Amino acid sequence: MTSKVQEIPTKPFDGQKPGTSGLRKRVKVFQQEHYTENFVQAIFDSIAVEGSTLVIGGDGRYFSPETVQTILKIGSANNVSRFIIGKDSILSTPAASNVIRKYKATGGILLTASHNPGGPDADFGIKYNVSNGGPAPENVTNQIYEKTKTIKSYKVLDAPPVDLSKIGEFTYGPTKVSIIDSVADYITLLESIFDFSLIKKFLDEHQSDFRVLFDGLHGVTGPYARALLVENFGLPESSIQNCVPSPNFGGGHPDPNLTYAHSLVEVVEKENIAFGAASDGDGDRNMIYGKGAFVTPSDSVAIIAHWAETIPYFKKGGVKGLARSMPTSKAIDLVAKKKGLEVFEVPTGWKFFGNLMDAGRLSICGEESFGTGSDHIREKDGIWAVVAWLNILAAANQNSPNKLIGINDLLNEFYSIYGRSFFSRYDYEEVPSDGANALVAHLNEALKSGSLNDTVHTSASTSTKYTVSGLYDFEYKDPIDHSVSKNQGQVITFSDGSRVVFRLSGTGSQGATVRMYVERYLGPDAGPAALSEPAAEGLKSLIEVALEISKLKEFLGRDEPTVIT
Ligand code: G6P
Ligand code: ZN
């Protein structure tokens, strides 16, 4: 193909600063003339593009096919040597991380806004991942941002669009393009990690009393779940729902939590399904939810760590260390202590785990934001977490021929050994930025003046008293590259070990989103009744006190949160 390269003049756009997970904006913003092109050129200006191999994937949301063509044109004009693209521009975020690692690519461009809704009036996103398969660290995203501020032109290859629906190899200007099956490499990876035959045997034997339901929420995981659950484990078609990816996620909000995954919750409850699970738009988040059994993500990762030896990957390679993001409950810390493992507390954002994994110090980690994963890739992995739970349940049931062990049994056993960290998160979405900033300033003021220290607060409904024992702004120094991340959330601690965290979301696409995280620990001696209370009950008094201290309702002008998890 003889093709010409054109240089198109442009002007910088404000606000092309990648957040926690790339650049996320409304589709209409990306559709402005030159907007997407500028950002894509800025990526190529920030990496060693000459001779590079880049993976392109994403969750298939609205505006993805057009953007793949944009990336191809600009990438080829900038001398990318090879593009590896998921068929129909589909690669879940974990699958893309795997492909980057497996084919030793320079990096990858992921077209996703994760769990945010899709469609012409909703969100789009572009995220750059580096060669370890993980999200680009801040020095790279800052460089991309700097480039967007001074860009004067971008280069494009003048060539017709590429057919993304045909698996195969071809040349495109100076670039080799491979369109690959979106699912196969990922299933091969999971097969090397888990005990597929143990899981299959367990599911076969319990077709009637251990039914499984996976909800893809119309996101990217549908084809992966089908390949795994139906084709590999032999489960019926009825074990998956909403598993055909749609560019607007069926008009829904593809976020696996109790609010947005109600399609799963309803069917699980109505049909007494023992094991339900859902994943988000791009497949990196997960929720585990069986009949009457919700697993909070903080408990999920701790339980996986507790049972790690039942998973062949960890049995063989050992567990090197554990980690969680700061707002995530400390349940996993207790497992680390018992097993004599290192445990790390990092800021919110999966990218912070990557250095620890690359340095061989971290195997299993998780975040309260429905993220669970391990060092098999450098992204959190929704389907991995689902299979981890199936593997653990299959192993637990091997030694229990007469009684079926379900999700609740694993939770209760865990609490009886370690105690329970009651945990909940209140989200106040799309509030005015001024109010959110005033809330942060109010807490900063208390931090500086010490005005809250040792103050006693009484819950109006239960009369429980809480004494503030400290207030700090979380800061992280990466133990591997020594980079420092400041202002990662304000933490109020109480004398009974409880804590409340306030943090501004880094993933919203407009306004500000305030998150309040509450955690209260009860030791194993509290007994089964207290330990198995609904989280809302166990946390009621602490939540009242947290709202009072922060004056949150006053600052945000909202009585109730948008989402409670
Ligand atoms: C994305 C990241 C997660 C992170 C989450 C936080 O999902 O991949 O690692 O925990 O965003 O989002 P937030 O809105 O709280 O900044
Ligand atoms: Zn996601």
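Just so you know, these numbers come straight off a predicted model, no measurement behind them.

Student: Describe the domain arrangement of the protein, naming the residues involved and giving the relevant values.
Tutor: Domains assigned within the protein are domain 1 (5-181), domain 2 (186-418) and domain 3 (420-564). Centre-to-centre, using C-alpha coordinates, domain 2 lies 26 Å away from domain 3. Elements with a contribution of two residues or more to the side of domain 2 that touches domain 3: helix 13 (351-358) and helix 15 (407-418). With five residues, the single largest contributor to the side of domain 2 that touches domain 3 is helix 15. For the side of domain 2 that touches domain 3, the residue count by class is eleven nonpolar, nine polar and two charged.

Student: Help me get a handle on the site of ligand 1, residues and values and all.
Tutor: Around ligand 1, the structure places 14 residues, and the nearest of them are Trp350, Ser369, Ser505, Gly506 and Thr507. Grouping the amino acids of the shell around ligand 1 by side-chain chemistry returns one nonpolar, eleven polar and two charged.

Student: I'd love a proper account of the sheet that holds strand 17 (residues 364-367), names of residues and values included.
Tutor: The mixed open sheet is built from four strands, whose spatial order is 16-15-17-18. Taken across any chain shown, the strands that pair with only one partner, and hence form the sheet edges, are strand 16 (342-346) and strand 18 (371-374). The average angle at which neighbouring strand axes cross in this sheet is 15°, direction not considered. Here strand 15 (residues 321-325) pairs with strand 16 via five bridges, running parallel. From the neighbouring strand, Ala323 faces strand 16, where its bridge partner is Phe344. Sheet contacts for helix 10 (residues 297-306): strand 15, strand 17 and strand 18; angle to strand 17, the most-contacted strand, approximately 170°.

Student: Describe the environment of Lys201, with residues and values.
Tutor: Residue position: Lys201 is located in helix 7 (residues 196-205). On a C-alpha basis, the gap between Lys201 and Lys73 in space is 49 Å, while along the polypeptide they are 128 residues apart.

Student: Please provide a residue-by-residue account of the sheet that holds strand 10 (residues 212-215), values included.
Tutor: Strands in a sheet are paired, the pairing made by backbone hydrogen bonds, and the direction either parallel or antiparallel. Taken in spatial order, the five strands make up an open sheet running 11-10-12-13-14, and their pairing is mixed. The open sheet terminates on both sides in strands that have one partner only, identified here as strand 11 (240-241) and strand 14 (293-295). Two elements, strand 10 and strand 11, share two bridges in a ladder whose sense is parallel. Following the sheet pairing, Phe214 is matched in strand 11 by Ile240. Most of the contacts of helix 9 (residues 262-270) go to strand 10, to which it runs at about 165°, and overall it touches strand 10, strand 12 (275-279) and strand 13 (286-290).

About the criteria used
Residues numbered from 1 in each chain as written. Chains lettered and ligands numbered in written order. Predicted model: local features only at pLDDT ≥ 70, side-chain atom pairs only at ≥ 80, totals over all residues. Domains from an automatic or database assignment. Helix = DSSP H or I, 4+ residues; strand = E, 2+ residues; numbered from the N terminus. Nonpolar A, V, L, I, M, F, W, Y, C, P; charged D, E, K, R; others polar. Near = placed C-beta within 6 Å. Pairing = 2+ DSSP bridges. Axes fitted to C-alpha atoms, helices over the stretch in contact; angles between N-to-C directions. Contact = placed C-beta atoms within 7 Å.

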